[in-house]
Amino acid sequence: MSTVILVGETDGRGIKDVSQQVAGVAAGMGEVIGLVIGKNVSESAMKLAAGKVVIADDERLEYYDPVKYASIVSQVVQKNSATKVLMGATTMGKDLG
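Peer 1: What is the right way to look at the overall build of the chain in this model?
Peer 2: Per the secondary structure count, the chain includes 4 helices and 4 strands. Shown N-terminal to C-terminal, the secondary structure of the chain runs as helices and strands in the order β-α-β-α-β-α-β-α. Taking 97 residues into account, the globule formula puts the C-alpha radius of gyration at 13 Å, and the chain, at 12 Å, falls close to it. A burial count over the chain gives 42% of its 97 residues as buried. Long-range contacts, defined here as pairs at least 24 residues apart, represent 59% of the contacts in the chain between residues at least 6 apart.

What follows is the structure in structure tokens.
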């Protein structure tokens, strides 16, 4: 079974709807590992519809930085031998993808 990394986005109140929609698609593709990156995102991350969630919560991640975020995604992909990475078609998702 393949492993899918789902990059979840937060909106300050919780996980964005688009990330939950992508989680539904990911569920049919293999084992889903959610990844939420940012500052003070731990509580929101637990709402992501994924069997396992990796949280990168640090004050240095408060604002989207493509280099930092891509490095984190890459590390999670390698550590879990993931074959796919999914994210919403948001401005951040398109840039990060």
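Past the structure itself, the notes keep going.
Peer 1: What's the story with the pattern of salt bridges in this structure? I'm lost.
Peer 2: Think of it this way: side chains of opposite charge can pair up when their charged atoms draw near. Counted under the stated rule, the structure contains 4 salt bridges. In this structure, aspartate 11 and arginine 13 form a salt bridge, with 3.2 Å as the shortest nitrogen-oxygen distance. On the basis of relative accessible area, aspartate 11 is assigned to the partly exposed category, the value being 32%. Here arginine 60 and aspartate 58 are joined by a salt bridge, their closest N and O atoms 2.9 Å apart.

Peer 1: Honestly, unusual backbone geometry in this entry has me stumped. Any pointers?
Peer 2: One non-glycine residue, asparagine 40, adopts positive backbone phi at about 55°. Position of asparagine 40 among the secondary structure elements: in the loop between β2 (31-38) and α2 (42-45). Its identity is not glycine, yet serine 81 carries a phi of approximately 50°, on the positive side. Turning to its location among the elements, serine 81 is positioned in the loop between α3 (66-80) and β4 (84-87). Residue classification places serine 81 among the exposed positions, given a relative accessible area of 58%.

What counts and what doesn't
- Residues numbered from 1 in each chain as written.
- Predicted model: local features only at pLDDT ≥ 70, side-chain atom pairs only at ≥ 80, totals over all residues.
- Heavy atoms only, no water.
- Helix = DSSP H or I, 4+ residues; strand = E, 2+ residues; numbered from the N terminus.
- Rg over C-alpha atoms; globule rule 2.2 N^0.38 Å.
- Buried < 20%, exposed > 50% of the residue type's maximum accessible area, 1.4 Å probe, protein only.
- Contact = heavy atoms within 4.5 Å.
- Salt bridge = Lys/Arg side-chain N within 4 Å of Asp/Glu carboxyl O.

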